[in-house]
Each structure stands twice: as structure tokens, then as C-alpha cells.
Amino acid sequence: SQILAVGLSARRNMCVHPEVSSEGDRERVDELCRQMTAPWVRDQVAKDKKGTLCQHYEKYEQALSQQSLLLESGVYTIEDLRAKGLEEGCGWCPYFAARRLIQASSVVVLNYQYVLDPKVSLASQLGGAPSLPGAGANKGGPRAQLSETEPSIVVFDEAHNIDDVCIESMSVKLNRQKLDQSSGNLTKLNSEIDRMKREDASRLQDEYRRLVQGLQQAGQIDAQVAERLSSPVLPEDLVNEAIPGNIRRAEHFIGLLRRLVNFLKAYLR
């Protein structure tokens, strides 16, 4: 019977975008890719009608919206997928297509990290339910629905490197520069929270003024009372109650992170 076999690698090895693929640094490729494919970026471009999106990712999304299976049964290497991404008839992003296709594939060839590193395997949804349209429609076929109980065979090539990969995936390297960058990022986040708090407090004041104006127009209070009530100093606890709980939780979380960063800085002295 026919099977579907695909290869999956990092964005740097699979990208076909003319500008992004010319970058040699892996992190730079990932950054540029996210700047054109992140959901909030695409929403903003759709709203403002300006900005740059990845045409290959847009074709990939379009193919999924049309209930496309992306590929017929067969064996596709990374170079084969890249070639499909450059074809006139396909043109979709090979990286994101491969991430989808592994859910419906019988054989997947990929890097150690996609199996051993929890962060990478979670991002690729390796071993999850099929996410292709129509996947699992023919029970027992190459598109058969995967489940947690379905038996799988994992083959490690060059297995003597597994311990190094596990150590690397579970390790975090910190230095003074990274901790200083973390402090700067926390300051930016805190500034954003302060801005949101000011906006919420301002909305509360505006709502109060509209309430006073409505009472005056309805004749329930006279102009003299309305003038006294027009510019109140709202109690701080009332203003704080108007701040959404997620913002208050964010403040506590940032405070915890700041203490952690300060502890690590003191530890590295």
C-alpha cells in the first residue's frame, strides 16, 4: 500500500522565501519568519492594509482553507518539499506544510530535538491528532487517524549522541548579558502594564462623568450638584478594582521574575 513519508527540519533549512532564506543565522531566520507569519501580524496587516506577509505561508493557509491534503502519497525529502514550495501550482511554505504533514505521515524523518526536546516536540505536535483536512477519513489507510495508543517505532541514527542532545535540551545557559537583557524586557513589560492601568483608570473617570451628565439631563440632580460631582477624586481602592485581574496578576508575576533575575545576578557575581 502507498505511504506518505516526509522530512522535517528547521526553518533555515526549509525556507524558500527569497529574502529570509538568504539569511545564514538560524535565530535570524526564525525571527524574520515570525514577523511575517505570526497571527497578530497577519491580523494587523489585514486591518491596516499595509505591511509584509510571506506569500508562501499565505498559500499554505489558503490550501488548508480549501481542504487540501497538500500532498499525495509518496516519499518526500526536505529538498522535495522545498521544490514543491517553489512550484507554480503549489507554492506553499515547506516548513509549515511539513509540520502539518507529519500528523498524517506513516514515516517521518527529523532531527533528534523533535523527539527529545519537549519545547521543540510540542511546537511540531509530533505524535498528536491529525490536523490535515480529511485526515483519518479512511481508517487503516495512510491517512488513518493517529491516537495516543497507536504503536509507533522510533529509530535513532547515531544514537551515541543522544545523551548530549538530552543535556543540551534540558540546559539553560545564562550570563550577565542575558540577565541584563531580561531586566530590560521586564522594565518594558512593566511600562506596558502601567500604560494599560492608566487607560483603565481614564475609562473609569470618563464613565463617571457620563453618569453625572446623564443624571443632570434627566433632571435628577441640578447644575450645582452636577458641578460638585463633575471632578471627583476617586478613591484609589475603587480605581484598583476597575483594573482587570489579569493586569494585577501580571504585576505580581513580573515582580516574581524580577526577584528571580536579581537572585541570578547576585549568584553570578
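Each chain carries its own residue numbering, running from 1 in the written order of its sequence. At least 70 in pLDDT is required for a residue's local features to be given in this predicted model, at least 80 for side-chain atom pairs to be given and counted, and no such filter applies to totals for whole chains, interfaces and linings, which use all residues. Heavy atoms throughout the structure, all of them, feed into the side-chain values; hydrogens and water do not.

K.L.:
Any details on the overall build of the protein? Residues and values, ideally.
P.N.:
Only DSSP runs of H or I reaching four residues or more are called helices, and only runs of E reaching two or more are called strands; each is numbered from the N terminus. Along the protein, the regular secondary structure elements total 13 helices and three strands. The contacts of the protein with a sequence gap of at least 6 include a subset with a gap of at least 24, amounting to 67%. Split by element, the accessible area of the protein, about 18,100 Å² in all, is 52% carbon and sulfur. Contacts were defined at the residue level, with two residues in contact if any of their heavy atoms lie within 4.5 Å. Using a 1.4 Å probe, accessible areas were evaluated by the Shrake-Rupley method; residue-level cover was limited to the displayed protein chains.

K.L.:
Could you give an account of the nonpolar core, with specific residues and numbers?
P.N.:
Grouping buried Ala, Val, Leu, Ile, Met, Phe, Trp, Tyr and Cys residues that are joined through side-chain atoms within 4.5 Å yields what is termed a nonpolar core. Per-residue accessibility, obtained with a 1.4 Å probe over protein chains only, is compared with the maximum for each type, and a residue is labelled buried under 20%, exposed over 50%, and partly exposed between these values. Counting residues in hydrophobic clusters, the biggest one holds 28 residues, and the most contacted among them are Tyr60, Leu70, Leu81 and Trp92. Elements supplying a minimum of two residues to this core: β1 (4-8), α2 (26-37), α4 (55-65) and α6 (94-101). The element contributing the most residues to this core is α6, with five residues. Counting five residues, the second largest nonpolar core, distinct from the first, contains Leu179, Leu186, Ile193 and Val261.

K.L.:
Account for the packing of aromatic side chains, with residues named and values stated.
P.N.:
Two aromatic rings from Phe, Tyr or Trp, using only the six-membered ring of Trp, form a pair when their centres are within 6.5 Å; if the ring planes differ by under 30 degrees the pair is stacked, by over 60 it is edge-to-face, and anything between is tilted. Inspection of the entire model under this criterion finds five aromatic pairs. Arranged with centres 6.4 Å apart and planes meeting at 25°, the rings of phenylalanine 263 and tyrosine 267 form a pair that is stacked. With phenylalanine 263 and tyrosine 267 both in helix α13 (residues 245-268) and four residues apart, the pair spans about one turn of that helix. Here the two residues phenylalanine 263 and tyrosine 267 agree in accessibility, since each one is exposed. Each residue in the set Tyr57, Tyr60, Tyr95 and Phe96 is aromatic and connected to the rest through ring pairs, giving one cluster.

K.L.:
Could you give an account of the sheet that holds β1, naming the residues involved and the relevant values?
P.N.:
When DSSP locates at least two bridges between a pair of strands, those strands are taken to pair. Read from one edge to the other, the open sheet built from three strands follows the order β2-β1-β3, with strand pairing classed as parallel. What marks the edges here is a single partner per strand, and that holds for β2 (74-76) and β3 (107-110). Within the sheet, the average angular offset between the axes of one strand and its neighbour, ignoring direction, is 10°. Where β1 and β2 come together, three bridges link them in parallel fashion. Paired with alanine 5 across the two strands is valine 75, which belongs to β2. An axis is simply a line fitted to the C-alpha atoms; with a helix, the fit covers only the stretch in contact. Between two such axes, the angle follows the N-to-C directions and lies from 0 to 180 degrees. Across the sheet, helix α5 (residues 78-86) is in contact with β1 and β2; its angle to β2 comes to roughly 90°.

K.L.:
Quick one: what's the story with unusual backbone geometry, residue by residue and with numbers?
P.N.:
Peptide bonds are mostly trans, and most non-glycine residues show a negative phi. The backbone of lysine 49 shows a phi angle near 60°, a positive value even though the residue is not glycine. Assignment of secondary structure puts lysine 49 in the loop between α3 (39-48) and α4. In this structure, leucine 70 is a non-glycine residue whose phi angle is positive, near 70°. Take leucine 70: it is sitting in the loop between α4 and β2. For leucine 70, a relative accessible area of 9% puts it in the buried group.

K.L.:
Tell me what's going on with the packing of α2 against α3, and back it up with residues and numbers.
P.N.:
Close contact between α2 and α3 brings their axes to 5 Å; oriented N to C, the two are set at 45°. Comparing the axis directions of α2 and α3 gives the class oblique. Residues Arg34, Gln35, Met36 and Thr37 of α2 pack against Pro39, Val41 and Arg42 of α3. Small angles under 35 degrees read as roughly parallel and large ones over 145 as roughly antiparallel, with 65 to 115 read as roughly perpendicular and the rest as oblique.

K.L.:
For the pattern of salt bridges, give the residues involved together with the corresponding values.
P.N.:
Counted as salt bridges are all cases of a side-chain nitrogen of Lys or Arg within 4 Å of a carboxyl oxygen of Asp or Glu. Taken as a whole and judged by the stated rule, the model has nine salt bridges. Among the ionic pairs, arginine 28 bridges to glutamate 31, the shortest N-O distance being 3.4 Å. Taken together, the residues arginine 28 and glutamate 31, both in helix α2 and three residues apart, mark about one turn of the helix. You can call arginine 28 partly exposed: its relative accessible area is 31%. Between lysine 265 and aspartate 180 there is a salt bridge whose closest N-O contact spans 3.4 Å. With lysine 265 in helix α13 and aspartate 180 in helix α10 (residues 176-217), this residue pair connects regions lying 85 residues apart in the sequence. Three or more residues are tied together by salt bridges with common partners; here these are Arg11, Arg26 and Asp30.

In short, shape yes, function no, at least from these values alone.
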